[in-house]
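Structure at a glance
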Amino acid sequence: MRQKKLKLFVLDTNVILHDSSCIYQFEENDIVLPMSVLEELDQFKKGNDSVNFHAREFVRSLDALAEDKLFNGGLEIAPGLGNISITLDFPFHDNISQSFSEKKADHRILNTAYCLARNDRNHEVILVSKDVNLRMKAKAVGLQAEDYTSDHVKDVGELYEGYGLEEDIAPAIIDRLYHDDEGIPAEELAPRQLPRPNEYRILKAGKHSVLAQASDDARVLRRVEKWTAYGIAPRNAEQIFALDALLNNDIQLVSLTGKAGTGKTLLALAAALERRSGYHQIFMARPVVPLSNKDLGFLPGDIKSKLDPYMQPLFDNLGVIRNQFKESDKRNLKITEMLTEEKLVISPLSYIRGRSLVKVFFIVDEAQNLTPHEVKTIITRAGEGTKIVFTGDIFQIDHPWLDTQSNGLSYLIEKMRGQRPYAHIDLKKGERSELAELASNLL
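In this text the structure is predicted, and so the values were computed from the model without any measurement.

1. Structural notes on the sheet that holds strand E6 (residues 144-146)
Strand pairs in the sheet, formed through backbone hydrogen bonds, run parallel or antiparallel to each other. Read across the open sheet, the six strands follow the order E3-E4-E2-E1-E5-E6; overall the sheet is mixed. Edge positions in the sheet fall to strand E3 (75-76) and E6, since each has one partner strand and no second. Sheet analysis places strand E1 (residues 7-11) next to strand E5 (residues 124-128), joined by five bridges and oriented parallel. Residue pairing for E5: phenylalanine 9 is matched across the bridge by isoleucine 126. Across the face of the sheet, helix H6 (residues 132-140) comes into contact with E5 and E6 while running at roughly 165° to E6.

If you want it as structure tokens, here you go:
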């Protein structure tokens, strides 16, 4: 029987900046790092962003493996895994130099992978990159290229929504949910699909219906009330579910997805203000992803001027809540007081990193622009009494290396569904305005 040919993966820099532990994800296959990758990593070592962390962490892990052997045939990454080695850049092959400039690091990495593929007959050589353009260039010259998919969600179309519709329910069950504050055993829905912990249900019996939620052990269904938070009232079943999860002190982690205008951020902020007495501070943050992938230094003005455009949507949501009340209303004055005393903080996410999150209501907006590692880093910093809310639209991604399958918000929903401290709601119906809903659906 012919033995299966092992693969040799050539890693692009952006794979390492996305996941510093990536070398442990290729099973028994070998890995090669072009020298140009190390040169690029050197440019990312300083700084406080996620990419800087990954650059430093990866270089440390290489050093721990035994640096001298990396240039002399490589060495085993770990028991059961393949070898890793570093190779000097090859002279540009004629087939590459005809179309690509030697000045770009991407092209030097491409050339290294191409030359290895031509010279190594023992391996199937594959270039791994998060950059779709580089993958297309590789395929144009006959080189195999793949995205780094170890943290991809398998099927976005089947991503967990957090609630479901059950029709033809026995009227007696709906009646009991309305009159029994303790709820009913979830198994009474059998043989229907039983809910996961903290999952919501719309139960219908003809013209009668009730909104319900499973307990954190999924054994009991209770009726969901229509709450109001700091003057904001939900307008549909999805928003009722979302606000219920946001106001529930036992649910420490909530994610809300949906297109623009579905009320994700507004509901999260309203719930935080409603529950403010239970927390030392309310943080609202979002990742800064510059337009056209240009650094903030490209923009004119001081740091506040550079950041204001990115934070303005959060202030807009705060303005919607404030504008419900007169200037003299104590609820309006309370928001002003909280901003002044920094009990309500709106800031770029990079400014929040490293802070201690104890008894904090932490809202992370535009979370679809975070990597899985960044989401994990935020959650693992949660201290006692902290609630974390991620909001975003997985179909509106600005990050150059992320997509609907690889972003941190999709990853969070896929991995955390069914966990006791977690609830998720996918908001589908836009409530901003009829015009906004029409544009979102048609344009």
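Read on, since the account is not over.
2. Some thoughts on the confidence of the model for the chain
Chain-level statistics for the chain give a pLDDT mean of 88 and a share of 91% at 70 or above. Here residues 290-303 scores under 50 on pLDDT; set against residues more than four positions off or in separate chains, the count is 17 contacts.

3. Description of the sheet that holds strand E14 (residues 344-348)
Within the open sheet, the six strands sit side by side as E14-E13-E15-E16-E12-E17. Their pairing is parallel. If you trace the sheet from one side to the other, it starts and ends with E14 and strand E17 (422-427), each paired once. The sheet shows a mean angle of 15° between the axes of neighbouring strands, taken without regard to direction. Both strand E12 (residues 253-258) and E17 contribute to a ladder of six bridges, which runs parallel. When the sheet's bridge partners are listed, leucine 256 is paired in E17 with isoleucine 425.

4. Focus: the packing of helix H8 (residues 237-247) against helix H9 (residues 264-274)
Running from N to C, H8 and H9 cross one another at 40°; their axes reach a closest spacing of 9 Å. Remark: the crossing between H8 and H9 carries right-handed chirality. For the pair H8 and H9, contact is made by Gln239, Ala242, Leu243, Leu246 and Leu247 and by Leu267, Ala268, Ala271 and Glu274, respectively. Class assignment for the residues of the contact of H8 with H9 results in seven nonpolar, one polar and one charged.

Procedures and definitions
Residues numbered from 1 in each chain as written. Predicted model: local features only at pLDDT ≥ 70, side-chain atom pairs only at ≥ 80, totals over all residues. Heavy atoms only, no water. Pairing = 2+ DSSP bridges. Helix = DSSP H or I, 4+ residues; strand = E, 2+ residues; numbered from the N terminus. Contact = heavy atoms within 4.5 Å. Axes fitted to C-alpha atoms, helices over the stretch in contact; angles between N-to-C directions. pLDDT = per-residue confidence, 0-100. Left-handed = near helix turned anticlockwise from the far one by under 90°. Nonpolar A, V, L, I, M, F, W, Y, C, P; charged D, E, K, R; others polar.

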